[in-house]
Amino acid sequence: MTALDLEPGPVAVGTLVGLAGLLFLVTPVVDPVPVGGLAVSPVALSAVTLTAAFALGTVVFALRGRRLFATAHGVFAVAWALLVAGPLFGSGDLLLAGVVVLVAGVGFLASQAR
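What you see is a predicted model, and the numbers here were worked out from it, not measured in a lab.

Cut-offs and rules
Residues numbered from 1 in each chain as written. Predicted model: local features only at pLDDT ≥ 70, side-chain atom pairs only at ≥ 80, totals over all residues. Heavy atoms only, no water. Patch = residues over 30% accessible without salt bridge, like charges linked within 9 Å, V, L, I, M, F, W, Y side chains within 5 Å. Areas by Shrake-Rupley, 256 points an atom, 1.4 Å probe, with all protein chains shown as cover. Salt bridge = Lys/Arg side-chain N within 4 Å of Asp/Glu carboxyl O. Helix = DSSP H or I, 4+ residues; strand = E, 2+ residues; numbered from the N terminus. Buried < 20%, exposed > 50% of the residue type's maximum accessible area, 1.4 Å probe, protein only.

Caption draft 1: Inspection of a nonpolar patch on the surface at higher detail. On the surface, Leu96, Val99, Val100 and Val103 cluster together into a nonpolar patch covering about 360 Å² of accessible area. Along the chain, Val100 turns up in helix α4 (residues 92-112). Of the residues examined, Val100 reaches a relative accessible area of 48% and is grouped as partly exposed.

Caption draft 2: Here's a closer look at the environment of Gly65. Along the chain, the position of Gly65 falls in the loop between α2 (42-63) and α3 (67-89). Since its relative accessible area comes to 56%, Gly65 is described here as exposed. Once the C-alpha coordinates of Gly65 and Leu95 are considered, the two residues, 30 residues apart in sequence, prove to be 31 Å apart.

This is the structure we're talking about:
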């Protein structure tokens, strides 16, 4: 049997993604969680956790010299943060900015992948 060679960066990103998925799945059966005096839905915590995973993925790929993957994670971290912040703060402008960053980022990444 071979030993697993786990690296901390990818394990941390995978853990955050898994936690985000778990929080999303338990939303129908778990009441809002108190966070700093507010009652926060698990689906909102899931979105914030996924944003953190994208941001950490940016750092992990950048440290490995994988510029395109780091850029992709960075673009999606910013876009996802804006898409989460828009409804959170009731701001259509932030939501629109998230969509613009997402579409522009996908276009840029597609042009770089050729």
